[in-house]
Amino acid sequence: VDGQQAEAGVDQTETAAVGRDQMEAVDMQQVRADDLIGSDVYGANDDNIGNVGDILLTEEGSFDAIIVDVGGFLGIGAREVALSLDEVEFMRDQNENWYVYTGYTQEQLEAAPEYDEATYAEQRDQQRIGVQ
């Protein structure tokens with residue numbers, strides 16, 4: 001009986017991304033920063049390569065890039081890279097969970113210039129990955 005109770009308490013959540021065919025693409029106009037921050041980012045071959053750490057806005061207040069925390073272990077040692085919105089696709093599943101997809105690999109993002117909040121405004125073209 002105790003074994004059955006313990007088994008019933010096991011978290012059956014899957015850690016892999018849900019198949020894209022079970023999701024809907026979301027237009028950028030429908031996306032809120034609160035929806036995306038913390039969302040998993042999937043790269044080439046749908047590998048989980050990091051998560052959304054923050055959203056960067058233009059001076060006019062529109063989305064400019066997402067900050068992806070990539071690498072590291074349990075958030076320690078992760079590096080931040082700014083990824084252009086031209087390089088990502090936003091999707092959500094039936095449970096309103098958000099997913100971000102890009103064609104970049106984890107290795108490509110780890111080799112990219114690191115985002116630096118203090119110098120981003122002056123060095124946007126060097127720090128922002130994607131279409132300039």
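Residues numbered from 1 in each chain as written. Predicted model: local features only at pLDDT ≥ 70, side-chain atom pairs only at ≥ 80, totals over all residues. Heavy atoms only, no water.

Novice: Sorry if this is basic, but what is going on with unusual backbone geometry here?
Specialist: Backbone geometry at D46 places phi at a positive 60°, although glycine is not the residue there. With respect to the helices, strands and loops of the structure, D46 is situated in the loop between strand 2 (40–42) and strand 3 (48–57). Look at E96: it is not a glycine, yet its phi comes out positive at around 65°. Topologically, E96 is positioned in the loop between strand 6 (88–92) and strand 7 (98–102). On the basis of relative accessible area, E96 is assigned to the partly exposed category, the value being 48%. (Helix = DSSP H or I, 4+ residues; strand = E, 2+ residues; numbered from the N terminus. Buried < 20%, exposed > 50% of the residue type's maximum accessible area, 1.4 Å probe, protein only.)

Novice: Help me understand the pairing of strand 3, please; the structure alone is not making it clear to me.
Specialist: Consecutive side chains of a regular strand alternate in pointing toward one face of the sheet and then the other. As paired elements, strand 2 and strand 3 share three bridges and run antiparallel to each other. Bridge pairing links Y42 to N48 in strand 3. Taking the residues that link successive antiparallel strands as the turn, the strand 2-strand 3 hairpin has five residues, and the phi of N45 there is positive, at about 65°. What sits between strand 3 and strand 4 (residues 63–70) in their antiparallel hairpin is a turn of five residues, with G61 showing a positive phi close to 95°. (Pairing = 2+ DSSP bridges.)

Novice: How do you make sense of a negative patch on the surface when you look at a structure like this?
Specialist: A contiguous patch of negative charge, built from D54, E80, D116 and E117, is present on the exposed surface. Judged by its relative accessible area of 35%, D116 is partly exposed. (Patch = residues over 30% accessible without salt bridge, like charges linked within 9 Å, V, L, I, M, F, W, Y side chains within 5 Å. Areas by Shrake-Rupley, 256 points an atom, 1.4 Å probe, with all protein chains shown as cover. Salt bridge = Lys/Arg side-chain N within 4 Å of Asp/Glu carboxyl O. Lys, Arg positive; Asp, Glu negative; His and termini not counted. Charge placed at Lys NZ, Arg CZ, Asp CG, Glu CD.)

Novice: For this particular structure, what's the right way to read the side chain of D93?
Specialist: Counting through the fold element by element, D93 comes out in the loop between strand 6 and strand 7. At 7.6 Å, R92 is the nearest oppositely charged side chain to D93, a buried residue that forms no salt bridge. For D93, the side chain forms a polar contact with the main-chain nitrogen of N97, separated by 3.0 Å. (Polar contact = N/O pair within 3.5 Å; in protein donor to acceptor, adjacent residues only side chain to side chain.)

Novice: Just to check I follow, could you spell out the nonpolar core for this structure?
Specialist: A general feature of soluble globular proteins is that nonpolar side chains tend to end up buried together. Of all hydrophobic cores here, the largest spans 20 residues; its most connected members are L36, I66, V68, L83, F90, V100 and L109. Taken together, the elements giving at least two residues each to this core come down to strand 3, strand 4, strand 5 (79–84), strand 6 and strand 7. With residues up to four places along the chain from it excluded, the contact list for V100 reads L36, S39, D40, V41, Y42, V52, I66, V88, E89 and F90. Grouped together as the second largest cluster of nonpolar side chains are six residues, L56, A82, Y115 and Y120 included. (Core = buried A, V, L, I, M, F, W, Y, C linked by side-chain atoms within 4.5 Å. Contact = heavy atoms within 4.5 Å.)

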